[in-house]
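The lines below spell out each chain.
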Amino acid sequence: QVQLVESGGGLVQPGGSLRLSCAASGFTFSSHAMRWYRQAPGKERELVAGISSAGGSTNYADSVKGRFTISRDNARNTVYLQMNSLKPEDTAVYYCYVNYRWADYWGQGTQVTVSS
């Protein structure tokens, strides 16, 4: 079955950096686009970044452009989100996502808290 396991979240000061990882299994990772979403308390889940199956195409929410970078390692079945220049408004639970055979799959999420 499809499994997505995020890691790398934590508490960081404003201006700091974190790298999130999402280990995927149960499907042909290299054939599927991947996305990162986030959900802050009291807000709807929003798309943060996406990457094509081979990694040649990426897209970002305007709020994170120039600060976040999505990448993937198809040999390790892992997608990453490098987050730099973090702001308090980046505080949220971050989720990995894949659409596989017309079904949506989410990881359990990893908490990112940006605070001094």
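So, here is what we can say about the structure in this document. Positions within a chain are numbered from 1, following the residues in the order the chain's sequence is written. A pLDDT threshold of at least 70 governs which residues receive local features in this predicted model, and a stricter bar of 80 or more applies before side-chain atom pairs are shown or counted, although totals over entire chains, interfaces and linings include all residues. The basis for every side-chain value is the complete set of non-hydrogen atoms in the structure, without hydrogens or water.

1. Some remarks on unusual backbone geometry
Even without a glycine there, the phi angle at Ser85 is positive, about 50°. Residue placement: Ser85 occurs in the loop between strand 8 (78-83) and strand 9 (92-100). Each helix is a run of DSSP H or I of at least 4 residues and each strand a run of E of at least 2, with the numbering of both proceeding from the N terminus.

2. Structural notes on the pattern of salt bridges
Any carboxyl oxygen of Asp or Glu within 4 Å of a side-chain nitrogen of Lys or Arg constitutes a salt bridge here. Taken as a whole and assessed by the stated rule, the structure comprises 5 salt bridges. Notably, a salt bridge pairs Asp90 with Arg38, separated by 2.9 Å at the nearest N-O pair. In this pair, Asp90 sits in the loop between strand 8 and strand 9 while Arg38 sits in strand 4 (residues 34-39), placing the two residues 52 residues apart along the sequence. Note on Asp90: relative accessible area 1%, which makes it buried. Looking at Arg38, the relative accessible area reads 6%, which means it is buried. Between Arg76 and Asp73 there is a salt bridge, and its shortest N-O distance comes to 3.0 Å. Each member of the salt-bridge network shares a partner with another, and the members are Arg38, Glu46, Arg67 and Asp90. For every residue, the accessible area (1.4 Å probe, protein chains only) is compared with the maximum for its type, and the residue is labelled buried under 20%, exposed over 50%, or partly exposed between those bounds.

3. Some words on the packing of aromatic side chains
Side-chain rings of Phe, Tyr and Trp (the six-membered ring for Trp) are treated as a pair once their centres are within 6.5 Å; stacked means planes under 30 degrees apart, edge-to-face means over 60, and tilted covers the remaining angles. Enumeration over the complete set of coordinates arrives at 7 aromatic pairs. Between Phe27 and Tyr100, the aromatic rings sit 5.7 Å apart at their centres with planes inclined by 40°, giving tilted as the arrangement. Within this pair, whereas Phe27 is found in the loop between strand 3 (18-25) and strand 4, its partner Tyr100 is found in strand 9, the two being separated by 73 residues in sequence. According to the relative accessible area criterion, Tyr100 is buried, its value standing at 16%. On the numbers, 4.9 Å between centres and 65° between planes, the contact of Tyr37 with Trp106 is edge-to-face. Of this pair, Tyr37 sits in strand 4 while Trp106 sits in strand 10 (residues 103-106); the two residues are 69 residues apart in sequence, bridging distant segments of the chain. Each ring is checked for a lysine NZ or an arginine CZ that lies within 6 Å of its centre and within 35 degrees of its normal; such an atom marks a charge sitting over the ring. When the ring centre of Trp106 is taken as origin, the NZ or CZ atom of Arg45, which lies over that ring, is 4.5 Å away. We note Arg72 situated over the ring of Phe29; from NZ or CZ to the ring centre the distance is 4.3 Å.

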